[in-house]
Amino acid sequence: MTDTSSTAGSRSFEELDALSTEDLRVQAFALARERRDISFFWSVLRHLPNADEAAALDGAPNSVGPTIDEAAALWREMTGHGYEESAPLLRAAFIDYLMKH
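Residues numbered from 1 in each chain as written. Predicted model: local features only at pLDDT ≥ 70, side-chain atom pairs only at ≥ 80, totals over all residues. Heavy atoms only, no water.

1. Here we look at the overall build of the protein
To keep it simple, the criterion reads: Helix and strand labels come from DSSP, where a helix needs a run of H or I of at least four residues and a strand needs a run of E of at least two; each type is numbered from the N terminus. Three exposure classes are used, based on accessible area relative to the maximum for each residue type with a 1.4 Å probe and protein chains only: buried under 20%, partly exposed in between, and exposed over 50%. Working rule for contacts: check all heavy atoms of both residues, and any pair within 4.5 Å makes them a contact.
If you tally the helices and strands in the protein, you get six helices and zero strands. For the protein, the α and β elements follow one another from N to C terminus as α-α-α-α-α-α. Per-residue burial for the protein yields a buried fraction of 38% across its 101 residues. The contacts of the protein with a sequence gap of at least 6 include a subset with a gap of at least 24, amounting to 70%.

2. Digging into helix H6 (residues 87–100)
Because each turn of an α-helix spans 3.6 residues, side chains separated by three or four positions in sequence point in the same direction. Filter applied, for reference: Helices are assigned an expected span. That span is 1.5 Å times one less than the residue count. In this context, the arc is that of the directions from the helix axis out to the C-beta atoms.
In this model, H6 (14 residues) spans 20 Å end to end at C-alpha, consistent with the 20 Å of a helix rising 1.5 Å per residue. Looking at H6, one finds that the buried residues are Ala87, Leu90, Arg91, Phe94, Ile95, Tyr97 and Leu98. Summarising the axial view, the buried residues of H6 lie within an arc of 165 degrees, below the 170-degree limit, and thus occupy one face. Along H6, the residues that are exposed and aim more than 90 degrees away from the buried face are Pro88 and Lys100.

Structure (structure tokens):
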């Protein structure tokens, strides 16, 4: 029998793909925040509409938590709480991150 536990890195593509994009974002952001993986957040932000506005966020290492929260708020504000044309790319990034970590 296949182990279907929901711990990070052990879920299958099919399990993750069944989740909504917002659920994937929440899980990937929580994991990346826990890991202090700022490179993941910046890679995601580069793929968002109006990403140039996000570049103004302070990326100082001692402000990772607030910066990530501000970036997520900016994302929601810029996209009207949706993912628009970026959804397929973002879903793939979230799934990839969750499967690897």
